[in-house]
Amino acid sequence: DYQMMQKDRTMRLRTLRQYIRENEVHPTIAVRVQKQVEQRLAHRERIDENDVSALQLLSVALRSHMRFEIQRPSLTRHPLFRLWASLDMKLMHRSCMKAVSFLNLRPKDDLFMPGPSTGCAFTLDRGDMAYTQYPDSSPVGSEEGAFFAP
C-alpha cells in the first residue's frame with residue numbers, strides 16, 4: 001500500500017512538472033505550485049463520505065442516523081441547532097441528509113471568492129482561518145449601521 005502511494009505521488013509530481021514545462025510557466029510560479037502540491041501530497045486527507053461506496057448499501061434511515069451522529073458535535077455547538085435537535089430529531093436528521101455537508105479545506109485554500117454571494121453559511125469546525133477582504137476586488141458598502149460578516 002505504501003509503495004502504491006509513493007508511486008502515485010511520484011507520477012503526479014512528474015506529470016505536474018511536465019505540464020509546467022510544456023506551458024512555460026514562469027519559474028517563480030512553478031516553484032510555488034510544486035511546493036504547494038508536495039505539501040498537500042504529504043498531508044493525509046480525511047475520507048469524504050462520497051468516497052465510501054459501502055455507504056450506498058445502507059438504508060436511508062440508518063445512513064441518516066449515522067450522518068447525524070457524525071455531524072452532531074459540530075451542529076450542536078450552535079444554540080439554534082441544539083434547540084432544533086431537542087424539539088424535532090426526525091426533522092434534524094432529514095436536514096442533515098439534505099442541507100448539511102462538510103468542506104475540508106487545506107492551508108491556503110480559498111473559501112470565499114470575489115463575486116456573487118455563496119448562498120450558504122459556513123462554520124469553522126477545526127483549525128484556524130484568516131479572512132482577508134481586498135476592497136479593490138470585493139468592495140463593501142460603508143453605510144451607517146451596515147452589518148459586515150465574513
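The structure presented is a predicted model; accordingly, all values stated were derived computationally and were not measured.

Draft legend 1. Layout of the pattern of salt bridges. One pass over the structure, following the stated rule, counts 6 salt bridges. Of the charged contacts, one joins Arg40 and Asp109 as a salt bridge, the two residues approaching to 2.6 Å between their closest N and O atoms. With Arg40 in helix H2 (residues 27-42) and Asp109 in the segment after helix H5 (89-99), this pair connects stretches of sequence that are 69 residues apart. The shortest N-O distance in the salt bridge between Arg63 and Glu49 comes to 3.1 Å. Of this pair, Arg63 sits in helix H3 (residues 60-75) while Glu49 sits in the loop between H2 and H3, and the two are 14 residues apart along the sequence. The class of Glu49 is partly exposed, set by a relative accessible area of 25%. Each member of the salt-bridge network shares a partner with another, and the members are Glu49, Arg63 and Arg67.

Draft legend 2. Focus on the packing of helix H4 (residues 79-87) against H5. Put simply, H4 and H5 touch, their axes get as near as 5 Å, and they point 125° apart. One way to sum up the angle between H4 and H5 is to call them oblique. Side by side, H4 and H5 meet where Phe81, Trp84, Ala85 and Leu87 of the first sit next to Met89, Leu91, Met92 and Ser95 of the second. Grouping the amino acids of the contact of H4 with H5 by side-chain chemistry returns 7 nonpolar, 1 polar and no charged.

Draft legend 3. Inspection of the packing of aromatic side chains at higher detail. This structure, assessed with the given rule, holds 1 aromatic pair. With a centroid separation of 5.9 Å and 20° between ring planes, the pair formed by Phe81 and Trp84 is classed as stacked. Of this pair, Phe81 and Trp84 both sit in helix H4, 3 residues apart, which is roughly one turn of that helix.

How each quantity is defined
- Residues numbered from 1 in each chain as written.
- Predicted model: local features only at pLDDT ≥ 70, side-chain atom pairs only at ≥ 80, totals over all residues.
- Heavy atoms only, no water.
- Salt bridge = Lys/Arg side-chain N within 4 Å of Asp/Glu carboxyl O.
- Helix = DSSP H or I, 4+ residues; strand = E, 2+ residues; numbered from the N terminus.
- Buried < 20%, exposed > 50% of the residue type's maximum accessible area, 1.4 Å probe, protein only.
- Axes fitted to C-alpha atoms, helices over the stretch in contact; angles between N-to-C directions.
- Parallel < 35°, antiparallel > 145°, perpendicular 65-115°, else oblique.
- Contact = heavy atoms within 4.5 Å.
- Nonpolar A, V, L, I, M, F, W, Y, C, P; charged D, E, K, R; others polar.
- Phe/Tyr/Trp six-rings, centres within 6.5 Å; stacked < 30°, edge-to-face > 60°.

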